Amino acid sequence: MCDEHVNADHWRFSLAVYCQEGVAAHCLELQRRLGLDVNVLLLMLWAARLWGVAPDVAQIAHADETIRAWRDEVVHPLRQLRTRLKSGPPPAPDPQTTALREGVKQLELDAERVQQDRLAQWVAAQTGQRASGIEERRAVESDACVALLEQTAVRVVAFYEAQATTALAQGDALPNDPWLPLQHAHAVVMAAAHVRTRRL
């Protein structure tokens, strides 16, 4: 099912969270340290607000599996190419390759938008109705909202920590401080708690 309203709501929420000061840096650290898919984290925070309950580990795993092939075969290669063009191979970096890198960056963003749209459709399928028509619980305007989002973020971080064996195999050790990923996730949670999803 393709629901443009669901996709647009999720996309606006994700942008509103990600564009807040400091959030991108926290998300990139979670991505770098754990291989955490930032789109899945943002999706789960959005879904928790819509459902009024935190997604469980099985739902997080299912959402991740839904977009894993696209992420691994399309998004990651584009990201790797964009990153590589910062310093080489020759003739990069130069003005011509910088323009090419910007084009790759736009392709990467477009690919992530496809991923986000698919994740939004996954939420709609889970609820059995249009997510844009679900009434937010009163909790989203209270301290209970933060608690709900914190619970969601902890579950997402735990899921990706369990998947982090790939990062370890590449020599990128997990942080010595086991609370560090949760500190990064908390910053994202606080940004998400301040976004009014129905008035974006």
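**As for the overall build of the protein chain**
At step 1: The secondary structure content of the protein chain amounts to eight helices and zero strands.
At step 2: When the helices and strands of the protein chain are read in sequence order from the N terminus, they spell out α-α-α-α-α-α-α-α.
At step 3: Of the roughly 10600 Å² of accessible surface on the protein chain, 55% is carried by carbon and sulfur atoms.

**Some words on the side chain of T152**
At step 1: Structurally, the position occupied by T152 is in helix α6 (residues 143–162).
At step 2: Since its relative accessible area comes to 0%, T152 is described here as buried.
At step 3: Filtering out sequence-adjacent residues up to four positions away, T152 remains in contact with M44, L45, A48, A54 and P55.

**Considerations on the nonpolar core**
At step 1: Among the nonpolar cores identified, the biggest contains 42 residues, and V17 and L36 are the most heavily contacted of them.
At step 2: Elements with a minimum of two residues in this core: α1 (4–18), α2 (23–34), α3 (38–51), α4 (57–84), α5 (95–127), α6 and α8 (180–193).
At step 3: At 12 residues, α3 tops the list of elements feeding residues into this core.
At step 4: Contact partners of V17, with chain neighbours within four places excluded, come to V23, L42, V188, A191, A192 and V195.

**Notes on the packing of aromatic side chains**
At step 1: In the structure shown here, the tally under the stated rule is two aromatic pairs.
At step 2: A ring pair is formed by W51 and W122, whose centres lie 6.4 Å apart and whose planes are at 50°; its orientation type is tilted. Placement of W51 in helix α3 and of W122 in helix α5 is noted, with a sequence separation of 71 residues between them.

**Overview of unusual backbone geometry**
At step 1: Omega for the peptide link from G88 to P89 comes to 0°, which places this bond in the cis form.
At step 2: By the secondary structure assignment, P89 is in the loop between α4 and α5.
At step 3: The amide bond that connects A92 to the next residue, P93, takes the cis arrangement and shows omega of -5°.
At step 4: The topology assignment puts P93 in the loop between α4 and α5.

**Notes on the side chain of D9**
At step 1: Along the chain, the position of D9 falls in helix α1.
At step 2: Of note is the side chain of D9, whose polar atom sits 2.7 Å from the side chain of R12.

**Overview of the pattern of salt bridges**
At step 1: Throughout the structure, instances matching the rule amount to 13 salt bridges.
At step 2: The salt bridge involving R68 is made with D64; its shortest N-O contact spans 2.7 Å. Of this pair, R68 and D64 both sit in helix α4, separated by four residues, roughly a single helical turn.
At step 3: According to the relative accessible area criterion, R68 is partly exposed, its value standing at 27%.
At step 4: As a salt-bridge pair, R71 and D72 come within 3.5 Å of each other at their nearest N and O atoms.
At step 5: Residue classification places R71 among the buried positions, given a relative accessible area of 9%.

**Description of α5**
At step 1: Taking 1.5 Å of rise per residue, 33 residues should cover 48 Å, and α5 covers 48 Å from first to last C-alpha, within 8% of that figure.
At step 2: In this structure D94 caps α5, since a side-chain oxygen of it lies 3.0 Å from the backbone nitrogen of Q96.

**Here we look at the confidence of the model for the protein chain**
At step 1: Here the protein chain shows a mean pLDDT of 85. Residues at 70 or above account for 82%.
At step 2: Every residue in residues 129–140 scores below 50 in pLDDT, and together they form 27 contacts with partners more than four places removed in sequence or on other chains.

Each value, and the rule that gives it
Residues numbered from 1 in each chain as written. Predicted model: local features only at pLDDT ≥ 70, side-chain atom pairs only at ≥ 80, totals over all residues. Heavy atoms only, no water. Helix = DSSP H or I, 4+ residues; strand = E, 2+ residues; numbered from the N terminus. Areas by Shrake-Rupley, 256 points an atom, 1.4 Å probe, with all protein chains shown as cover. Buried < 20%, exposed > 50% of the residue type's maximum accessible area, 1.4 Å probe, protein only. Contact = heavy atoms within 4.5 Å. Core = buried A, V, L, I, M, F, W, Y, C linked by side-chain atoms within 4.5 Å. Phe/Tyr/Trp six-rings, centres within 6.5 Å; stacked < 30°, edge-to-face > 60°. Polar contact = N/O pair within 3.5 Å; in protein donor to acceptor, adjacent residues only side chain to side chain. Salt bridge = Lys/Arg side-chain N within 4 Å of Asp/Glu carboxyl O. Expected span 1.5 Å × (residues − 1). pLDDT = per-residue confidence, 0-100.

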